[in-house]
Amino acid sequence: MTLQQEIVGTAMQMAVVSLQPGQTVYCEAGKFLFKTANVTMETRLSGPSGGGGQPQSGAAGAGGAGGPGAGMGGMLRQAMGTAMQVGQRALAGESLAFQYFTSTGGEGTVGFAGVLPGEMRALELDGTRAWFAEKDAFVAAESTVEFGIAFQGGRTGRSGGEGFVLEKFTGRGTVIIAGAGNFIDLNPADFGGRVDVDTGCVVAFEEGIRYGVQRVGGLNRQGVMNAVFGGEGLSLATLEGNGRVILQSLTIESLANALRKAQGGDKQGPTGGLFSTNAG
């Protein structure tokens, strides 16, 4: 069942979702705006991949056996799976719980929004390709979409900044994401197979796109000038391959810097923030 949704607004967009009877959508805690009275709301620690997206059947445990031992084993495995999910989200700095909304007694309506001024996008998953998104991009999804955390390892993880932790969406259905500023869609294959971007500009990309991090310039005069005075720090994100990429025009760091400057607390000087003296 396709999720009927409409993204409304301009500077601060919202997603208005129409739920059919019995249909469920879930969101990250803090992204809910409003609902009609016939939509029930339930908060759970488990995500859909741990059985949290659909009502539990109360059937027998492993192997189809109906004995008490099998049922207890199934409950234990489910509890351990939920604990692992919560632990991953805690390490990633994500919300520990999800809110589930189900329409009862007719069609219902639920509204969601992101946390920063910017755009929203509805992605349709067909089960063949996963999507990866920056931390905090997730807003809401059908219960048939599984939410997970992907940690970038090795050199990418150590130097990737915002890209160290990624949200991963698999399965079939609609997932709604949000970002800051305006979005631009592109395919690295249309630009010679690779694009280099500020690490904070990446919103989401399809499975098959290779995400990495490279140093800005070499250890020479121009490389030092780029890092110190260019405002980009020491690294850029690299996106390679053939697939969809969504970038945002506003980064959280640039927004925070603008707010500090407006409040008279900008002590970064001409180095673009690399040697900031701001203690806050």
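Above this text you will find the structure in question.
Residues numbered from 1 in each chain as written. Predicted model: local features only at pLDDT ≥ 70, side-chain atom pairs only at ≥ 80, totals over all residues. Heavy atoms only, no water.

A. Representation of the nonpolar core within the structure. In this structure, Tyr26, Phe138, Phe169, Val175 and Ile177 are the most contacted members of the largest nonpolar core, which totals 21 residues. Elements with a minimum of two residues in this core: strand E6 (98-103), strand E8 (120-126), strand E9 (131-134), strand E10 (138-142), strand E11 (145-151), strand E12 (165-178) and strand E15 (202-206). Per-element tally for this core: the top contributor is E12, with four residues. (Core = buried A, V, L, I, M, F, W, Y, C linked by side-chain atoms within 4.5 Å. Buried < 20%, exposed > 50% of the residue type's maximum accessible area, 1.4 Å probe, protein only. Helix = DSSP H or I, 4+ residues; strand = E, 2+ residues; numbered from the N terminus.)

B. Quick look at the pattern of salt bridges. Enumeration over the complete set of coordinates arrives at seven salt bridges. Residues arginine 121 and glutamate 119 are paired through a salt bridge, measuring 3.9 Å at the closest nitrogen-oxygen approach. Of the two residues, arginine 121 and glutamate 119, neither departs from the other in class, the shared state being buried. The closest approach of N and O atoms between aspartate 185 and arginine 121, which form a salt bridge, is 2.8 Å. Here aspartate 185, found in strand E13 (residues 183-186), pairs with arginine 121, found in strand E8; they are 64 residues apart in sequence, far enough to count as distant. We classify arginine 121 as buried; its relative accessible area is 19%. Through salt bridges with shared partners, a single network forms among Glu119, Arg121, Asp185 and Arg244. (Salt bridge = Lys/Arg side-chain N within 4 Å of Asp/Glu carboxyl O.)

C. Just the packing of aromatic side chains, in detail. This model, assessed by the stated rule, comprises 12 aromatic pairs. Through a chain of ring-to-ring contacts, the aromatic side chains of Tyr26, Phe98, Tyr100, Phe138, Phe147 and Phe169 assemble into a single cluster. Taking NZ or CZ as reference, arginine 44 lies 4.1 Å from the ring centre of tyrosine 100, over its face. (Phe/Tyr/Trp six-rings, centres within 6.5 Å; stacked < 30°, edge-to-face > 60°. Lys NZ or Arg CZ within 6 Å of the ring centre and 35° of its normal.)

D. Quick peek at the sheet that holds strand E14 (residues 194-197). Across the sheet, three strands lie side by side as E14-E17-E16; this open sheet has antiparallel pairing. Every interior strand has two partners, whereas the edge strands, E14 and strand E16 (210-215), have only one. The average angle at which neighbouring strand axes cross in this sheet is 30 degrees, direction not considered. In the sheet, E14 pairs with strand E17 (residues 235-240) via four bridges, with the strands oriented antiparallel. Along E17, the bridge assignment pairs arginine 194 with glutamate 240. (Pairing = 2+ DSSP bridges. Axes fitted to C-alpha atoms, helices over the stretch in contact; angles between N-to-C directions.)

E. Spotlight on a nonpolar patch on the surface. Residues Met14, Leu33 and Phe34 make up a contiguous nonpolar surface patch of about 240 Å² in total accessible area. Take phenylalanine 34: it is sitting in strand E4 (residues 32-35). Assessed through its relative accessible area of 36%, phenylalanine 34 is described here as partly exposed. (Patch = residues over 30% accessible without salt bridge, like charges linked within 9 Å, V, L, I, M, F, W, Y side chains within 5 Å. Areas by Shrake-Rupley, 256 points an atom, 1.4 Å probe, with all protein chains shown as cover.)

F. Broad picture of the sheet that holds strand E7 (residues 108-113). Read across the open sheet, the four strands follow the order E1-E2-E7-E4; overall the sheet is antiparallel. In this open sheet, the two edge strands, each paired with only one partner strand, are strand E1 (4-8) and E4. Between one strand axis and the next, the sheet turns through 20 degrees on average, direction left out of account. Note that strand E2 (residues 14-19) and E7 share six bridges and pair antiparallel. Bridge assignment links leucine 19 to a residue of E7, and that residue is glycine 108.

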